[in-house]
Amino acid sequence: MKVTITRILPFSLLAVVHALFISAIFMDNISTNTVLCILFLVLCFTVVAHPKLPIFHRTAFITDLSTVAFVVLGGVLTYSIQLYWSPGPVFAAAMVGTIASFLPSLNKKSSLLQLAPTAIYCGCFVGMSHKSIAPDYMFIGVAGILSGLVLVMTKNVFQGVSGKLGSIAFGGVTLAAFIMYILVEWL
């Protein structure tokens, strides 16, 4: 299989986000050395699995732009529901995700509506962010755009693998928090 930048970059990006996610989970409860060992094992397994992943590269600007917009929409809707109705982030994401799952049935021939549920559900994970992390809609918008861009870059990597959308949202929210921190601290 030919190694190209379009194959390596999205895979590496998603692998790093997964590694950060796993590190964040374990960092509070166990020692740093144990976390580094677990992280090393996960990265080794990921590298071993890499050549076995099917890659189907295609480019469609309108589809990619729509994907980013749907991620932002899912994040804003979920954040709004959890902020104003207070059902909790999981229930808010479930509501938005369930409604999004019916969008393709509105027009079965629309390729745009076919990709909407996945992108909106990725946005739901962004919108589940706590108010202490995501203080306003601007943050959710930035995190949604970043997550949408990562989703577009990794659309052909780890297809059907569990945890991809949540990891992408985690990466987008983390990157948005880092950007906001840099802007506040340095400007």
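Residues numbered from 1 in each chain as written. Predicted model: local features only at pLDDT ≥ 70, side-chain atom pairs only at ≥ 80, totals over all residues. Heavy atoms only, no water.

1. A word on the overall build of the protein
Here's step 1: Helix and strand content of the protein: seven helices and zero strands.
Here's step 2: Helices (α) and strands (β) of the protein occur, in sequence order from the N terminus, as α-α-α-α-α-α-α.
Here's step 3: Counting the 187 residues in the protein, one finds 40% classified as buried.
Here's step 4: Contacts in the protein between residues far apart in sequence, at least 24 positions, make up 72% of those at least 6 positions apart.
Here's step 5: Counting only carbon and sulfur atoms, one obtains 74% of the accessible surface of the protein, whose full area is about 11000 Å². (Helix = DSSP H or I, 4+ residues; strand = E, 2+ residues; numbered from the N terminus. Buried < 20%, exposed > 50% of the residue type's maximum accessible area, 1.4 Å probe, protein only. Contact = heavy atoms within 4.5 Å. Areas by Shrake-Rupley, 256 points an atom, 1.4 Å probe, with all protein chains shown as cover.)

2. Some details on the environment of A116
Here's step 1: Structurally, A116 can be placed in helix α5 (residues 111-127).
Here's step 2: Residues contacting A116, with those up to four places away along its chain left out, are F70 and L103.

3. Some words on the nonpolar core
Here's step 1: Counting 17 residues, the largest nonpolar core has F70, I120, C122 and L151 as the members making the most contacts within it.
Here's step 2: Of all the secondary-structure elements, those providing two or more residues to this core are α3 (61-84), α4 (89-101), α5, α6 (137-153) and α7 (164-186).
Here's step 3: Considering every element that reaches this core, the biggest residue donor is α5, with six residues.
Here's step 4: Ignoring sequence-local partners within four residues, the contact set of L151 consists of T67, V71, A119, C122, L165 and I168.
Here's step 5: Ranked by size, the runner-up nonpolar core spans 11 residues in total, among them Y79, V126, F139 and A176. (Core = buried A, V, L, I, M, F, W, Y, C linked by side-chain atoms within 4.5 Å.)

4. Digging into the packing of α5 against α7
Here's step 1: Interaxial distance between α5 and α7 falls to 8 Å at its minimum, and their mutual angle equals 50°. As far as their axial angle goes, α7 and α5 are oblique. Along this stretch, α5 crosses α7, giving a crossing that reads as right-handed. Counting all contacts with α5, which are made through T118, Y121, C122, F125 and V126, the residues of α7 involved are L165, G166, I168, A169 and V173. (Axes fitted to C-alpha atoms, helices over the stretch in contact; angles between N-to-C directions. Parallel < 35°, antiparallel > 145°, perpendicular 65-115°, else oblique. Left-handed = near helix turned anticlockwise from the far one by under 90°.)

5. Looking at the environment of T98
Here's step 1: Topologically, T98 is positioned in helix α4.
Here's step 2: For T98 and P117, which are 19 residues apart along the polypeptide, the C-alpha to C-alpha distance reads 8.7 Å.

6. Details of a nonpolar patch on the surface
Here's step 1: On the surface, L175, F178, I179, Y181, L183, W186 and L187 cluster together to form a nonpolar patch covering roughly 830 Å² of accessible area.
Here's step 2: Topologically, W186 is positioned in helix α7. (Patch = residues over 30% accessible without salt bridge, like charges linked within 9 Å, V, L, I, M, F, W, Y side chains within 5 Å. Salt bridge = Lys/Arg side-chain N within 4 Å of Asp/Glu carboxyl O.)

7. Side note on α4
Here's step 1: Across its 13 residues, α4 extends 18 Å between first and last C-alpha, which sits within 8% of the 18 Å expected from 1.5 Å per residue.
Here's step 2: Of the residues making up α4, those classed as buried are A92, A93, V96, G97 and A100. Down the axis of α4, the buried side of the element spans an arc of 125°, and every buried residue falls inside it. Exposed side chains of α4 directed beyond 90 degrees from the buried face belong to V90 and I99.
Here's step 3: Check the buried side of α4 and you find it contacts α3 and α5. (Expected span 1.5 Å × (residues − 1). Arc of directions from axis to C-beta.)

8. A word on unusual backbone geometry
Here's step 1: Look at S86: it is not a glycine, yet its phi comes out positive at around 55°.
Here's step 2: Tracing the backbone shows S86 in the loop between α3 and α4.

9. Concerning the confidence of the model for the protein
Here's step 1: For the protein, the mean per-residue pLDDT works out to 82, and 72% of the residues sit at or above 70.
Here's step 2: At the level of individual helices and strands, the protein shows its lowest average pLDDT in helix α1 (residues 5-27), which scores 65, and its highest in α4, which scores 95. (pLDDT = per-residue confidence, 0-100.)

10. As for the side chain of T67
Here's step 1: Residue position: T67 is located in helix α3.
Here's step 2: Of note is the side chain of T67, whose polar atom sits 2.8 Å from the backbone oxygen of T63.
Here's step 3: With near-sequence residues (within four places) excluded, T67 lies in contact with L115, A119, L151 and V152. (Polar contact = N/O pair within 3.5 Å; in protein donor to acceptor, adjacent residues only side chain to side chain.)

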